[in-house]
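What follows is each chain in one-letter form.
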Amino acid sequence: MKMKTTQLALAAAMFVSGSAFAGITARLDPAQEAGSSAPTVKFTLTNTGKAPVSVVRWETPFTGIIGEVFQVTVNGVEAEYVGRHYKWADPQDYDMITLKAGESRSVTVDLSAAYNLSETGVYEISYRTSESALRFGQRASAAQSKAFAGDVASAPVRMFIEGIPYNPPAIPTEWTRS
């Protein structure tokens, strides 16, 4: 009997958490200002649920593009991510962004800061991450991944971008020891 009660309590906890978290929506809108050559998008995350929800900041662009948070293609071919790659520890309280029930948070992002946009063409940009990664980071446990098995994704945005020259960082030709 104890086993069934524990399983029932765990199932109820996952249902409550899952239903509250299922109310997160992501949206992208073109945000290119007139006269600007910077290809920008406005990212909005909304909590449509009835309870506050915390998300891991690095799974969103709210603190800048610090990982491959967008899928970017040009003329159907994946654009190269040229931003930094990070390995994150388990998220702590200070790594979380909390959205109150009904709250939306937006940020405008310059895609050329993290993606090679040197080819002229029609770019398709979208945001997609798993619910478990958004809530617990990429190191979500199997139980967390199972409890939050869905995705949070935006509809794709299409923008024509005139190629922006990309200059990769110089590779040192000679190393010195100090």
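Fair warning: this is a prediction, and the values are worked out from it, not measured in the lab. (Residues numbered from 1 in each chain as written. Predicted model: local features only at pLDDT ≥ 70, side-chain atom pairs only at ≥ 80, totals over all residues. Heavy atoms only, no water.)

Peer 1: How should the overall build of the protein be read in this particular structure?
Peer 2: For the protein, the count of helices and strands is three helices and 10 strands. Element order for the protein, N to C, with α for helix and β for strand: α-β-β-β-β-β-β-β-β-α-α-β-β. Across the 178 residues in the protein, those meeting the buried criterion constitute 35%. Across the protein, every contact between residues at least 6 apart in sequence was considered, and the portion connecting residues at least 24 apart equals 75%. (Helix = DSSP H or I, 4+ residues; strand = E, 2+ residues; numbered from the N terminus. Buried < 20%, exposed > 50% of the residue type's maximum accessible area, 1.4 Å probe, protein only. Contact = heavy atoms within 4.5 Å.)

Peer 1: I would appreciate a short explanation of the pairing of strand S10 (residues 157–161) in the present structure.
Peer 2: Remember that side chains alternate between the two faces of the sheet whenever the strand is regular. Every second residue of S10 is oriented toward a common face, the buried set being Val157, Met159 and Ile161 and the non-buried set Arg158 and Phe160. For strand S8 (residues 121–130) and S10, the ladder comprises five bridges, and the chain directions are antiparallel. Residue Val122 lies in a different strand from S10, and its bridge partner there is Phe160. (Pairing = 2+ DSSP bridges.)

Peer 1: Would you mind going over the nonpolar core with me for this structure?
Peer 2: Side chains of nonpolar character tend, in soluble globular proteins, to be buried together. Counting residues in hydrophobic clusters, the biggest one holds 32 residues, and the most contacted among them are Phe43, Leu45, Ile65 and Phe70. If you list the elements that add at least two residues to this core, you get strand S1 (24–30), strand S2 (40–47), strand S3 (53–56), strand S4 (70–74), strand S6 (96–99), strand S7 (104–110), S8 and S10. Residues within four places of Phe70 in sequence aside, it is in contact with Leu28, Phe43, Pro61, Ile65, Val109, Leu111, Tyr115, Ile125, Ser126 and Tyr127. (Core = buried A, V, L, I, M, F, W, Y, C linked by side-chain atoms within 4.5 Å.)

Coordinates in, geometry out; function isn't part of it.
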